[in-house]
Amino acid sequence: MLNVSTKDLVPSPVGPVDVEQAEAALVERYPRLVRIAYLVLPPSLGRNRRVLTAHALVQRSLPRRRVAGPSVPEPRLAEDAVDPGYAYVRSEVLRQALVAGLPLRRLALPSRAQFPPLLPHVWGLRLFPRVGGADELALDQRLSRLSGPGRAAYVLRGLERQGDAEVLRVLAAAGVADPAAALAEADALDDAPELPGEGPGGALPPGAALPPGGGGAGPEGGAASEPGGPGRSGAGGAGGDRPGPHASGLPDLPGHGGPGPRRSGAALLESDEFDPCALQARPTDLLRRRQHARAGIVAVAALLVCGALLGLPGDGWGRNGAAAPSYARNPAAEAALDPGALKRVDPAVWPASTRQDFSVWPARGALTGDRALLRRALAVWARPGASVRASATPGTPVGPPMGPPQLLFAGEVDGARVVILHDGLRAVRYAEPVGGTAGAALDFARTDGADAVGSAALVLSRAAGNVRYLTAPWVRETSVRDLLAPGEDARPLGRDAVGVTEPMTSPALAKGCTRWNTLQVRDGSGLRMLADLGELAPARLLWGPPAAPADATGPEAHAAWARTACQLSAVRAHGVRSVNAWRFARQPLPEGAGSGTWLCTRAETWRGTGSRVLAQFLVPSPSVPAALAARSEGSPACGVRDPRVLAGVLWQAPGGGWYVLAAGSPDVTALETSGGVKGRSDGPLLAVKAAAGARADLAGTLPDGTRVRALR
């Protein structure tokens, strides 16, 4: 039974501990601390590893900084008359020794104490304490049957001379979940029956060594106890003036030299058998070590041979053939990062060129001669750091240039130094703050196959919801047109001498859809409409059937785009090259509600795949935005390859009735609905009475009898 109150379970208040104070306690009482760690560590580790681990745990117990005491100091007890530095280091040693005895679990994160120590480390030797007698061997066997907290309780009570209440407090401070159970284990060890061979006149177990001079564990064969120690007077050990109820360790055991007084467990804990500072050395397995050395030499030789073969040029074993190693001084790679090797096109080239695209853009801007800026832009392009904010349109490779790229622009815009480069496949924008390079940005956009319209402008800067463009040299004038205001004229947009426009409000990052500004440019052949979809290259807006679309600059296109412009948010940041909208059907509405219009919008990408198709329905009221009837990604519908489209909506008439409306492209000869609503019509239009919330499957028939499904 434990006669301990609840208050006794509270750890004793140890005051603040300085690093110097803890170091002095560790150095002065190093042998005792190592002995405590050695006894608490599980014997299953083996004596050599227990010795090294005990030294490592004690040496790692020194705090890195001053340890603060409790905010409200508690009354000090009589048992608290111990050096705070020693108490702290001992608690750390116990905590680490208990953790080191825990088994490794598959999903749990292992602790540092559970691994073999890196320091101290011994090569070629095995270290272990001196061999004791039968008493020490019996005690070691009994300790091995205890848990880690049980061994800690036994050591604190027997070696540190601590009473039960103080043992409970120290165990709780060391992180033991149930200190009372650990103390009960120590009690059970005291009350356990003798092992075979431990009785009077018992012999040593087979293989046990008999120390010289009889059965004593101390230097003279007697009890090797030292008076006091850094512990406390409480439950006395051997030599205590007032033995407590748990003072005895093991039953007194006889020595091997004949009958004599038996030593207590506390005295045995002081034996040289458990002293990791008085060590013996023996060699490791010499034959196995020789075999391991030979195997290591062979492995290193094989690794060197394989490395040499992999580095051979020609058609050797290397995966990259004659390619130079990464980051080698390759002339082509160095030229791609040399600002002096950048391609610069003369302004007089493009008027006489047979092609108009990015390849004939001249180098413009006030900083085209800043070699340091250009070098930073090329270096960040090749090896962007973790602090660089990089973005790329889908399907755009983000690797370094294959050779010296072309310089399009270098200058200061909106408080940033901006560089725009082009390598034939991609347009790359590098921007850094004027005050430094922190917060640099790198944007990639695929532009291969760009024509005169596709290369008419590039986004130069975005700031405070506005956007600036760098226009092509063949662009004659620029203006801003709001798609949601078809009745208003385009507003002129000024440019400077190098083709940089004034800032204009951009819908790319807008949360609502109250205004949708587009860039309208005029070149040598007419007007073009370009929309900012959040990418480096704006998208071209078109109007007309897939076989012959035209730029959306006419009144009919303006009226249609005014009601469908807000749907462009569905294709933002998707690598869109152009967006074409066309009317594929007009449908008389039931109950004399007028005529509805069916539009199909297709967004083509620079990469050629991932196109998005939207089918939209427009009611007669010009102020009502288009309703999205269907959408699809990767479908050839509404395109040059497959200009057919079929879609339907559930529509409510002004009188309150509900109808399923469906329409197909002109080559659809019949429509049919099934499922929740059944109906059929000849031709590409269908209107069937339905209930609110009804769902139906839609299918169409082509002139050759082929069945087509609705867009999805």
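This text gives an overview of the structure that appears in the document. (Residues numbered from 1 in each chain as written. Predicted model: local features only at pLDDT ≥ 70, side-chain atom pairs only at ≥ 80, totals over all residues. Heavy atoms only, no water.)

Structural notes on the nonpolar core
Reasoning step 1: In this structure, Val40, Val58, Leu94, Leu143 and Leu171 are the most contacted members of the largest nonpolar core, which totals 46 residues.
Reasoning step 2: If we ignore the near neighbours within four places in the chain, the residues touching valine 58 are Leu26, Tyr30, Leu33, Val34, Ala37 and Val93.
Reasoning step 3: Among the nonpolar cores identified, the runner-up in size contains 35 residues, and Ala427, Ala431, Val475 and Leu530 belong to it. (Core = buried A, V, L, I, M, F, W, Y, C linked by side-chain atoms within 4.5 Å. Buried < 20%, exposed > 50% of the residue type's maximum accessible area, 1.4 Å probe, protein only. Contact = heavy atoms within 4.5 Å.)

Some words on the sheet that holds strand β9 (residues 466-471)
Reasoning step 1: What the three strands build is an open sheet, ordered β8-β9-β12; its pairing is antiparallel. One side of each edge strand has no neighbouring strand; the edge strands of this open sheet are β8 (457-463) and β12 (504-505).
Reasoning step 2: With six bridges joining them, β8 and β9 adopt antiparallel strand pairing. Across the sheet, the residue bridging to leucine 458 is leucine 470, located in β9. (Pairing = 2+ DSSP bridges. Helix = DSSP H or I, 4+ residues; strand = E, 2+ residues; numbered from the N terminus.)

Observations regarding the side chain of glutamine 406
Reasoning step 1: For glutamine 406, the position within the fold is in strand β4 (residues 406-413).
Reasoning step 2: The buried category is assigned to glutamine 406, whose relative accessible area is 8%.
Reasoning step 3: Within the local environment of glutamine 406, its side chain forms a polar contact with the backbone oxygen of tryptophan 361, the two atoms lying 3.0 Å apart.
Reasoning step 4: Not counting chain neighbours up to four residues away, the residues in contact with glutamine 406 comprise Lys343, Val345, Phe358, Ser359, Val360, Trp361, Ile420, Leu421 and His422. (Polar contact = N/O pair within 3.5 Å; in protein donor to acceptor, adjacent residues only side chain to side chain.)

Re the pairing of strand β6 (residues 426-433)
Reasoning step 1: The buried fraction of β6 is high, at seven of eight residues.
Reasoning step 2: Between strand β5 (residues 416-422) and the antiparallel strand that follows it, β6, lie three residues; glycine 424 among them carries a positive phi value of about 95°.
Reasoning step 3: The sheet contact formed by β6 and strand β7 (residues 441-446) spans six bridges and is antiparallel. In the strand pairing of β7, alanine 431 is matched with alanine 441.

Structural notes on the environment of glutamate 502
Reasoning step 1: Take glutamate 502: it is sitting in the loop between β11 (491-492) and β12.
Reasoning step 2: Here glutamate 502 falls in the partly exposed class, since its relative accessible area comes to 44%.
Reasoning step 3: Note: C-alpha distance between glutamate 502 and threonine 478 (24 residues apart in sequence) is 9.9 Å.
Reasoning step 4: The residues contacting glutamate 502, other than those within four sequence positions of it, are Val467, Arg468, Leu493 and Gly494.

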